[in-house]
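Coordinates in review
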There are 2 protein chains.
Amino acid sequence: MPIKEAVRPGGRSARVQEAVHQAVRELQAVKSRDELTVPQVAEHAGVTPSTIYRRWGNLAELVADVSVERMRPDDDPVDTGTLAGDLQAWGEQYLEEMTSVPGQRALNDVMASAENGRRERCCHYSESLMATLRERALSRGEAAVPSLDRLVDGVVAPMTYRLLYDRESATAANLRRWIARALAVEDVD
Amino acid sequence: MPIKEAVRPGGRSARVQEAVHQAVRELQAVKSRDELTVPQVAEHAGVTPSTIYRRWGNLAELVADVSVERMRPDDDPVDTGTLAGDLQAWGEQYLEEMTSVPGQRALNDVMASAENGRRERCCHYSESLMATLRERALSRGEAAVPSLDRLVDGVVAPMTYRLLYDRESATAANLRRWIARALAVEDVD
DNA sequence: ACACAAACGCAAAATATTTGCTTTACGAGC
DNA sequence: GCTCGTAAAGCAAATATTTTGCGTTTGTGT
């Protein structure tokens, strides 16, 4: 058994996946979503349509697969010295990314995926990032660090909600309010 | 010009729409989402496939259209005497509806719709309901009624987020926490 | 090196989607 | 009430897509 990551067999399978993903990315840059077809992607990637159908099932799952990759954070969140600052810095770039035209399409594509767990995996990125920032704040000795749930409910949830339903209000200014509230509230039960 | 609602011409067009919607509902009760096809729906509704394609474009838009109808609140929210009670009562039945198997499918179908404004329209239901409950609380003379934004961010957003990404935590108990927090926070700017 | 299994290619068959043209049915003005 | 104009539906041929069976390739484990 090779030492390589189990998720990336590294053989032909991986090459095909990469070629198809790449083809989707390149075609998406030129064509709108409902001009894209499986046969097109297949030809551009140099594979047979049946390969794509057998592996991804349909176009929706394929583009969702590509978009989920795209949404995975690549670099570590910047350290601004305070939890509020870290949240604002991360949130602003996230909002910018997700309100851009390609970002919105990626979001839509992921939401349209029926495969169980795709959306969950995608939002998991944000949650584990919240956990990271929170740990960082704790190790700094910051006072009144909210629970993870409170960060998710208070910051990630409103952001996501606005991104999905009311793009206009997905702004840095609102983000500041969400963060302030999340950090200000006293415990309630 | 007839006095009937402009949105419901009442003629053949409306009959066809109703027949098609009905066909979708009936078939959805028996078949899983990806067994459903346009030609099937068309036959069951007694129309031609081309009618459906011309009017809805594709199956995703059609089922989203049906689901959005399904999510429109039919009856007025109950009046429990307090804003917290009203929110809890509405939220509990909403969570129950949306965590059910057909509710989840409806949610997915709406999220998968590409038509600009479908999702927005759907979430608009919740927001205007918040406004209603809020007005009610104000006219009761309740103290410390939160702004509409705060209700949306504090209650609707977490609910929606959990329903979409983490069904397990979309519970009445969590709802109670969200409401308590939304009503407890002091103004922050 | 060899054998096994998973994934791909190919091409035919089955379905689904689009489209041009005809027909029907509603609504408006007379 | 009648006729006309228009928007939507039916029909069927033309396209495009998805599915499937089978042979071949390619990676993996022994």
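Let me sum up the structure you'll find in this document.

What counts, and at which threshold
- Residues numbered from 1 in each chain as written.
- Chains lettered and ligands numbered in written order.
- Predicted model: local features only at pLDDT ≥ 70, side-chain atom pairs only at ≥ 80, totals over all residues.
- Heavy atoms only, no water.
- Disulfide = S-S within 2.5 Å.
- Buried < 20%, exposed > 50% of the residue type's maximum accessible area, 1.4 Å probe, protein only.
- Least-squares fit on C-alpha atoms with pLDDT ≥ 70 in both.
- Contact = heavy atoms within 4.5 Å.
- Salt bridge = Lys/Arg side-chain N within 4 Å of Asp/Glu carboxyl O.
- Near = heavy atom within 4 Å.
- Polar contact = N/O pair within 3.5 Å; in protein donor to acceptor, adjacent residues only side chain to side chain.
- Helix = DSSP H or I, 4+ residues; strand = E, 2+ residues; numbered from the N terminus.
- Nonpolar A, V, L, I, M, F, W, Y, C, P; charged D, E, K, R; others polar.
- Expected span 1.5 Å × (residues − 1).
- Bend = angle between axes of the 7 residues up to and from the residue.

**Examining the state of the cysteines**
Residues and elements named next belong to chain B. Scanning the model with the defined rule gives zero disulfides over all chains in all. No disulfide involves Cys122; its sulfur sits 6.9 Å from that of Cys123, the nearest cysteine. Judged by its relative accessible area of 6%, Cys123 is buried.

**Considerations on the relation of the copies chain B and chain A**
Taken as rigid bodies, chain B and chain A are interconverted by a rotation of 180 degrees and an axial shift of 0.0 Å, the fit giving an RMSD of 0.1 Å. What the rotation and shift describe, once combined, is the action of a two-fold rotation axis. Distance from the rotation axis, computed per C-alpha, reaches its smallest value in chain B at Ala112(B): 1.9 Å. Counting the interface residues of chain B, we find that 100% of their copies in chain A are interface residues as well, pointing to one common contact surface.

**Concerning the pattern of salt bridges**
Scanning all chains against the criterion turns up 36 salt bridges over all chains. Ionic pairing is found between Arg121(B) and Glu115(B), a salt bridge with its closest N-O pair at 3.6 Å. Exposure remark for Arg121(B): the relative accessible area of 36% places this residue in the partly exposed category. Since its relative accessible area comes to 35%, Glu115(B) is described here as partly exposed. Three or more residues are tied together by salt bridges with common partners; here these are Asp149(A), Asp153(A), Arg162(B), Asp166(B), Arg177(B) and Arg181(B).

**Here's the deal with the protein's contact with DNA strand D**
Close to DNA strand D lie 22 residues, the nearest being Tyr53(A), Arg54(A), Thr48(B), Thr51(B) and Arg54(B). Of all DNA strand D atoms lying within 4 Å of any protein atom, the proportion belonging to sugar or phosphate reaches 69%. One nitrogen or oxygen atom from the side chain of Arg15(A) is found 3.0 Å from a phosphate oxygen belonging to DNA strand D. Side-chain polar atom of Thr51(B) to a phosphate oxygen of DNA strand D: 2.4 Å apart, as the coordinates give it. Residue contributions to the surface near DNA strand D peak at four residues, all from helix H3 (residues 49-56) of chain B. Partitioned by chemical class, the residues of the surface near DNA strand D number eight nonpolar, eight polar and six charged.

**Topic: helix H7 (residues 118-140) of chain A**
Residues and elements named next belong to chain A. The end-to-end C-alpha distance of H7 is 34 Å, a good match for the 33 Å that 23 residues give at a rise of 1.5 Å each. His124 marks the point of greatest bend in H7, at about 25 degrees. Of all the positions in H7, only Arg118, Arg119, Cys122, Cys123, Tyr125, Ser126, Glu127, Leu129, Met130, Leu133, Arg136 and Ala137 are classed as buried. Gly141 sits one or two residues past H7 and shows a positive phi near 85 degrees.

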